[in-house]
Amino acid sequence: MIREFIYKYYIDPIRYGEAYTLVDTLTYALILIAAVYLVYRGLRRYKIAVDDELVLATLPFVVLGGLLRVVEDTGMITSDLRFLLITPLIFFVIFVIAVVALFAGKFAENAGLISRYSWFYGGAGVVACLAAGAALIWFGLTETQIALNVLAVILTLAAVTSLALWAFLVYVLKWDYASNILYKLLIFGHMLDASATSYGIDLHPIHYVEQHVVGSNLIEITGTAFSMFLLKIAVLIPAIYVLELYRREGNPDLWHLILLAMIVVGMAPGIRDLVRMVLYV
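Residue numbers run consecutively from 1 along every chain, following the written order of its sequence. In keeping with the predicted nature of the model, local features appear solely for residues at pLDDT of at least 70, side-chain atom pairs appear and are counted solely at 80 or more, and the whole-chain, interface and lining totals rest on all residues. With hydrogens and water stripped out, all remaining heavy atoms of the structure feed into the side-chain values.

In this section: the overall build of the protein chain. Scanning the protein chain from terminus to terminus reveals 10 helices and zero strands. Working definition: helices are DSSP H or I runs of at least four residues, strands are E runs of at least two. Numbering for both runs from the N terminus. Reading the protein chain from its N terminus to its C terminus gives the helix and strand order α-α-α-α-α-α-α-α-α-α. Throughout, exposure labels follow a simple rule: accessible area from a 1.4 Å probe, protein chains only, divided by the maximum for the residue type, with under 20% read as buried, over 50% as exposed, and the rest as partly exposed. Expressed as a percentage of the 281 residues in the protein chain, the buried residues total 43%. Intrachain contacts of the protein chain at a sequence separation of at least 6 include 72% that bridge at least 24 residues. Methods summary: accessible areas were calculated by the Shrake-Rupley approach with a probe of 1.4 Å, and residue burial reflects only the protein chains presented. Entry remark: accessible area of the protein chain is about 15,200 Å², with carbon and sulfur atoms responsible for 70%. Working rule for contacts: check all heavy atoms of both residues, and any pair within 4.5 Å makes them a contact.

In structure tokens form, the structure reads like this:
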């Protein structure tokens with residue numbers, strides 16, 4: 001009975017790509033909350049500040065998550081190990097890798113082997129990204145293609161829209177705090193997501209589809225995937241305003257964690273979609 005329950009709610013939905021149920025959603029949420037709490041306790045115990053340094057050093061693991069999702073998309077891994085790279089398991093895989101690298105870096109710092117833990121922590125993420133990127137480049141060269149024109153168009157679109165939104169916040173709304181590097185990364189991550197989605201659905205030869213309910217409904221109503229930019233802007237402007245109010249209330253730890261989570265939500269799928277379209281996967 002227990003075996004059937006596990007297969008029904010946890011194994012089969014991942015194996016066969018079935019929709020999430022209330023049972024597995026609540027389970028994964030509780031596990032994630034417990035894991036984040038334990039890590040937070042570890043950060044406090046080993047005196048690792050939840051600050052800009054930690055968030056910036058974590059970004060390579062955000063990129064890694066997007067790259068590993070594409071590794072699974074390519075089908076180059078044919079064993080059951082591929083299920084570890086499918087949502088939601090990939091979140092736990094990246095989480096474990098990042099936590100191990102983080103505390104290994106802190107232990108090395110405490111032992112006097114390195115000057116700052118973030119060099120090891122962020123460096124481990126960069127090395128992992130290089131390895132995943134090399135595998136994807138090899139796949140593109142040998143199995144599909146590497147469309148540099150697609151890469152250039154999406155990155156240019158993301159850069160231009162990010163700059164435009166940032167300029168609006170700073171010079172029109174007079175929000176000087178929007179120049180904070182973390183707010184800039186938040187803006188770019190979500191503009192990258194919108195750029196990749198818009199290009200993939202409206203312009204890419206493969207014609208990708210939007211899987212999220214809100215986005216797909218908006219695209220259906222407006223008739224164009226470029227409406228995703230409006231959705232992102234409608235969310236980002238009030239979000240940045242509220243985040244800044246919260247930061248000024250004096251809870252920097254939670255502010256950094258929330259901001260990191262919001263960066264992940266935009267940047268990780270943006271990276272995945274971008275690389276998929278470049279490789280025509």
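Having seen it, we continue.
Another point: the environment of Gly123. Positionally, Gly123 belongs in helix 5 (residues 117-142). Separated by 65 residues in the primary sequence, Gly123 and Thr58 have C-alpha atoms spaced 9.8 Å apart.

Helices are assigned an expected span. That span is 1.5 Å times one less than the residue count. Here helix 6 (residues 148-172) spans 35 Å end to end across 25 residues, near enough to the 36 Å set by a 1.5 Å rise per residue. Residues of helix 6 that are buried make contact with helix 7 (181-202), helix 9 (228-248) and helix 10 (252-279). Following helix 6 by one or two positions, Lys174 has its phi on the positive side, about 65 degrees.

Here helix 3 (residues 52-74) is 23 residues long and its end C-alpha atoms lie 34 Å apart, about the 33 Å a rise of 1.5 Å per residue gives. Given a residue, its bend is the angle between the two axes fitted to the seven residues that end at it and to the seven that start from it. Within helix 3, the axis deviates most sharply at Leu59, by approximately 30 degrees, and proline Pro60 lies no more than four positions further along. Counted residue by residue, helix 3 has 18 buried out of 23 residues, so it is predominantly covered. Positive phi shows up at Gly75, right after helix 3, with a value of about 80 degrees.

Turning our eyes to something else, we now look at the packing of helix 6 against helix 10. Angle between the axes and distance between the axes: these two values describe a pair of packed helices. Axes here mean lines fitted to C-alpha atoms, for a helix over just the part in contact, with angles spanning 0 to 180 degrees between N-to-C directions. At their nearest, the axes of helix 6 and helix 10 sit 8 Å apart, and the two run at 150 degrees to each other. When the interaxial angle is binned, helix 6 and helix 10 end up roughly antiparallel. Of the residues in helix 10, those in contact with Val150, Leu151, Ile154 and Leu155 of helix 6 are Leu274, Met277 and Val278. Each residue gets one of three labels, nonpolar for Ala, Val, Leu, Ile, Met, Phe, Trp, Tyr, Cys and Pro, charged for Asp, Glu, Lys and Arg, and polar for the others, Gly among them. Among the residues forming the contact of helix 6 with helix 10, the class breakdown is seven nonpolar, no polar and no charged. When an angle is under 35 degrees it counts as roughly parallel; over 145 it counts as roughly antiparallel; between 65 and 115 it counts as roughly perpendicular; any other value is oblique.

Next up on the list: the UniProt feature "transmembrane region" (unreviewed entry) in the protein chain. When the UniProt feature table is mapped onto this chain numbering, "transmembrane region" (unreviewed entry) sits at residues 20-40, 52-71, 83-105, 117-140, 146-169, 221-242 and 254-271. Counted over residues 146-169, helix gives 92% and strand 0%. Its end C-alpha atoms are 36 Å apart. UniProt positions are given in the numbering used here, feature names are shortened, and annotations may be inferred rather than shown by experiment.

The next point concerns the packing of aromatic side chains. Any two rings among Phe, Tyr and Trp, with Trp reduced to its six-membered ring, count as a pair given centres within 6.5 Å; such a pair is stacked if its planes are under 30 degrees apart, edge-to-face if over 60, and tilted if neither. Scanning all chains against the criterion turns up nine aromatic pairs. Considering the side-chain rings of Tyr46 and Phe103, the 5.8 Å spacing of their centres and the 70 degrees angle between planes classify their relative orientation as edge-to-face. Separated by 57 residues along the polypeptide, Tyr46 in the loop between helix 2 (22-45) and helix 3 and Phe103 in helix 4 (residues 89-110) bring together distant segments of the chain. Since its relative accessible area comes to 13%, Phe103 is described here as buried. When the ring of Phe226 is compared with that of Phe229, the centres are 6.2 Å apart and the planes differ by 25 degrees; the resulting orientation is stacked. Through pairs of rings, three or more aromatic residues link up here, namely Trp175, Tyr177, Tyr183, Tyr241 and Trp255. Over the face of the ring belonging to Trp255 we find Arg247, whose NZ or CZ atom lies 5.9 Å from the ring centre. Lysine and arginine charges are scored as sitting over a ring when NZ or CZ, respectively, is within 6 Å of the ring centre and within 35 degrees of the ring normal.

What follows covers a nonpolar patch on the surface. Taken together, the side chains of Ile137, Leu141, Ile146 and Leu148 present a nonpolar region at the surface, about 390 Å² in accessible area. Following the sequence through the fold, Ile146 ends up in the loop between helix 5 and helix 6. Here Ile146 falls in the partly exposed class, since its relative accessible area comes to 31%. Patch rule: a residue counts if its relative accessible area is over 30% and it has no salt bridge; like charges are joined within 9 Å, and nonpolar side chains (Val, Leu, Ile, Met, Phe, Trp, Tyr) within 5 Å. The term salt bridge refers to a side-chain nitrogen of Lys or Arg lying within 4 Å of a carboxyl oxygen of Asp or Glu.

At a closest axis distance of 7 Å, the pairing of helix 4 and helix 5 adopts a crossing angle of 150 degrees. Here helix 4 is positioned roughly antiparallel relative to helix 5, judged by the angle of their axes. Remark: the crossing between helix 4 and helix 5 carries right-handed chirality. Each of Ala98, Ala101, Leu102, Ala104, Gly105, Lys106 and Glu109 in helix 4 lies in contact with helix 5, whose residues at this interface are Tyr117, Phe120, Tyr121 and Ala124. In the contact of helix 4 with helix 5, the residues fall into eight nonpolar, one polar and two charged. Here a crossing is called left-handed whenever its near helix is offset anticlockwise from the far helix by less than a right angle, and right-handed whenever the offset is clockwise.

It is worth spelling out the pattern of salt bridges at this point. It is possible for side chains bearing opposite charge to pair when their charged atoms get close. Tallied over the entire structure, the rule returns nine salt bridges. Across the salt bridge formed by Glu53 and Arg116, the nearest N and O atoms sit 2.6 Å from each other. Residue Glu53 is located in helix 3, and its partner Arg116 is located in the loop between helix 4 and helix 5; the two are separated by 63 residues in the primary sequence. Exposure remark for Glu53: the relative accessible area of 24% places this residue in the partly exposed category. Judged by its relative accessible area of 34%, Arg116 falls in the partly exposed class. Across the salt bridge formed by Glu109 and Arg116, the nearest N and O atoms sit 3.7 Å from each other.

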